[in-house]
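The chain contents come next:
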Amino acid sequence: MSSRTEPSFRESVDLMFNRAVSLMDLPPGLEEKIRVCNATYTVRFGVRLRGAMHTFTGYRSVHSEHMEPVKGGIRYATGVNQDEVEALAALMTYKCALVEAPFGGSKGGLCIDPREYEEHELELITRRFAYELAKRDLIHPSQNVPAPDMGTGEREMAWIADQYARMNTTDINARACVTGKPLNAGGISGRVEATGRGVQYALQEFFRHEEDKAAAGLSGKLDGKRLIVQGLGNVGYHAAKFLSEEDGARIIGIIERDGGLFSADGLDVEAVRNWIVKHGGVTGYPDAQYVEDGAVLLEEECDILIPAALEGVINLSNAERVKAPLIIEAANGPVTAGADDVLRKKGIVIIPDMYANAGGVTVSYFEWVKNLSHIRFGRMQRRQEEARHQLVIDELQRLDDVMGGTWSMSPNFKDKYLKGAGELELVRSGLDDTMRVAYQSMREVWHSRDDVTDLRTAAYLVSIDKVAKSYHAKGL
Ligand code: NAD
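The text that follows walks through the structure, step by step, so that each part is easy to find. Because the structure is a prediction, the values reported are computed rather than measured.

### What to know about the site of the ligand
Okay, so step 1: Surveying the vicinity of the ligand reveals 22 residues, the closest of which are Arg75, Asp149, Thr195, Glu256 and Asn332.
Okay, so step 2: In this structure, an oxygen atom belonging to the ligand sits 2.8 Å away from a side-chain N or O atom of Thr195.
Okay, so step 3: Here an oxygen atom of the ligand and a backbone polar atom of Ala309 are 3.4 Å apart.
Okay, so step 4: Protein contact buries 85% of the 820 Å² of open area that the ligand shows by itself.
Okay, so step 5: Going through the elements one at a time, α8 (234-245) and β7 (250-256) are the ones with two or more residues in the shell around the ligand.
Okay, so step 6: Here the shell around the ligand spans two domains, and each of domain 1 (39-185) and domain 2 (217-347) adds at least three residues to it.

Below you can see the structure in the form of structure tokens.
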């Protein structure tokens with residue numbers, strides 16, 4: 001164990017920022033302007049529940065308004081505090097810049113364990129929190145647009161959207177005040193899976209580059225690679241599901257709050273998820289080896305480690321023992337600044353959070369655009385596209401007839417080719433493109449500069465440069 005002390009989450013983000021900025025040539029003062037958090041609003045409000053008044057503490061932090069609206073999720077967890085919310089807001093600024101989502105960075109949180117409340121109680125609490133934020137424009141379609149994060153999901157976003165609409169009855173763009181809503185409340189297809197899907201696309205892109213795989217000592221395809229996932233919530237579940245079902249990866253370990261599961265042959269992600277939903281945890285799951293101290297699985301041998309739960313889990317106390325050659329940060333801040341130094345020295349490649357989990361904000365961006373344009377993606381062009389494809393199919397059919405059976409279309413070609421893209425296909429295509437382009441921008445810096453030896457520094461360089469250019473364009 002190292003004698004170094006661990007910085008806070010926000011200090012950790014700042015340390016990583018400073019490392020990157022020391023390699024840049026920014027005008028004096030701009031570095032600090034970009035790094036510091038503009039404002040954090042703390043609210044304490046009371047809600048009458050079970051015959052008594054309960055007081056809750058919530059935060060909404062705005063890190064950078066170089067672009068508006070600002071964007072970032074709302075987290076429900078007992079550990080929420082100002083430092084954490086500010087760290088997460090800063091990451092949102094860099095993340096949005098990196099994937100070219102036209103937002104500044106923000107984040108919110110409420111100190112609450114949602115599992116301790118009934119649904120109707122959570123609705124009262126969420127509506128009151130939303131009211132407090134909306135009346136200060138901290139929820140607003142053109143100023144501040146929240147989304148789901150740990151402990152929140154579609155249900156909470158629908159309550160927030162409805163609360164805002166009740167307070168702004170004539171705002172035609174009211175639905176764009178929050179993203180991650182259910183489809184029937186102005187949401188978009190593919191938002192629930194988006195962050196996990198983005199993790200899958202990020203790994204697919206990484207595996208397209210031989211040089212990058214070699215840096216991690218890996219080769220070949222994702223097929224057959226051994227993965228360990230921490231947190232089988234929204235992000236971890238979707239990432240593990242898609243990577244195992246579609247790319248052939250083997251999920252050998254799953255770490256949850258109450259312990260970990262290990263199976264060298266691979267775990268059935270769907271079955272584990274169903275078990276958690278039914279029993280509240282992984283304990284007792286029959287088809288795997290159970291480990292009470294789940295965190296030890298972070299140190300287990302595997303090809304890819306996917307921390308997808310919370311921050312600070314890979315730190316100075318365990319970094320030295322981590323064996324995975326590749327870590328993809330599906331959660332925000334799972335590796336502390338100190339651990340990052342240790343892992344880098346060990347030659348472990350880290351695909352950083354600001355890129356790896358950007359799928360959520362990318363599809364949130366699509367949802368926000370959909371809400372502002374008041375039309376579903378694909379509605380105008382889908383059938384026209386199908387009609388044009390039909391022309392090609394008819395011609396091929398004619399060729400088929402003329403050739404008298406010596407040539408024919410491949411099975412399923414007709415059905416696949418004819419199908420015009422609906423909203424889900426378009427969302428996935430936009431997300432895939434975003435993840436590929438952003439990865440390529442990072443790797444170009446990683447491989448072209450001698451002073452950049454890791455993807456995180458490269459990610460910061462790309463995003464800080466974009467934020468700096470926005471300030472410059474504003475004359476600052
Ligand atoms: P979630 O609440 O859906 O899931 C979190 C999961 O982690 C749960 O299954 C929980 O039981 C588990 N968990 C909690 N504490 C744990 C512990 N100590 N050890 C092991 N497992 C633990 O949250 P989520 O939305 O999946 O978010 C997870 C991470 O991804 C967070 O860091 C969040 O900021 C980040 N993220 C989420 C989104 C999104 O769209 N939801 C987008 C970007 C980043």
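### Focus: the sheet that holds strand β12 (residues 349-351)
Backbone hydrogen bonds are what pair the strands of a sheet, in a parallel or an antiparallel way.
Okay, so step 1: Ordered by their spatial adjacency, seven strands build an open sheet running β9-β8-β7-β6-β10-β11-β12, and the pairing between neighbours is mixed. Two strands bound the open sheet, and with one partner strand each, they are β9 (289-291) and β12. Averaged over all neighbouring strand pairs, the angle between strand axes comes to 20°, with direction disregarded.
Okay, so step 2: The pairing of strand β6 (residues 226-230) with strand β10 (residues 304-307) spans four bridges and is parallel.

### Focus on the packing of helix α6 (residues 194-206) against helix α15 (residues 423-448)
Okay, so step 1: At their nearest, the axes of α6 and α15 sit 9 Å apart, and the two run at 50° to each other. Taken together, the axes of α6 and α15 are oblique relative to one another. Between α6 and α15 the crossing geometry is right-handed. Across the interface between the two elements, Ala194, Arg197, Gly198, Tyr201, Ala202, Glu205 and Phe206 of α6 pack against Arg428, Leu431, Asp432, Met435, Arg436, Tyr439 and Gln440 of α15.
Okay, so step 2: Looking at the contact of α6 with α15 residue by residue, the class counts come to seven nonpolar, two polar and five charged.

### Here's the deal with the pattern of salt bridges
Okay, so step 1: Tallied over the full model, the rule gives 45 salt bridges.
Okay, so step 2: In this structure, Lys107 and Asp149 form a salt bridge, with 3.1 Å as the shortest nitrogen-oxygen distance. On the criterion of sequence distance, the pair formed by Lys107 in strand β4 (residues 104-111) and Asp149 in the loop between β5 (144-148) and α5 (154-167) is long-range, its members being 42 residues apart.
Okay, so step 3: You can call Lys107 buried: its relative accessible area is 3%.

About the cut-offs
- Residues numbered from 1 in each chain as written.
- Predicted model: local features only at pLDDT ≥ 70, side-chain atom pairs only at ≥ 80, totals over all residues.
- Heavy atoms only, no water.
- Near = heavy atom within 4 Å.
- Polar contact = N/O pair within 3.5 Å; in protein donor to acceptor, adjacent residues only side chain to side chain.
- Areas by Shrake-Rupley, 256 points an atom, 1.4 Å probe, with all protein chains shown as cover.
- Helix = DSSP H or I, 4+ residues; strand = E, 2+ residues; numbered from the N terminus.
- Domains from an automatic or database assignment.
- Pairing = 2+ DSSP bridges.
- Axes fitted to C-alpha atoms, helices over the stretch in contact; angles between N-to-C directions.
- Parallel < 35°, antiparallel > 145°, perpendicular 65-115°, else oblique.
- Left-handed = near helix turned anticlockwise from the far one by under 90°.
- Contact = heavy atoms within 4.5 Å.
- Nonpolar A, V, L, I, M, F, W, Y, C, P; charged D, E, K, R; others polar.
- Salt bridge = Lys/Arg side-chain N within 4 Å of Asp/Glu carboxyl O.
- Buried < 20%, exposed > 50% of the residue type's maximum accessible area, 1.4 Å probe, protein only.

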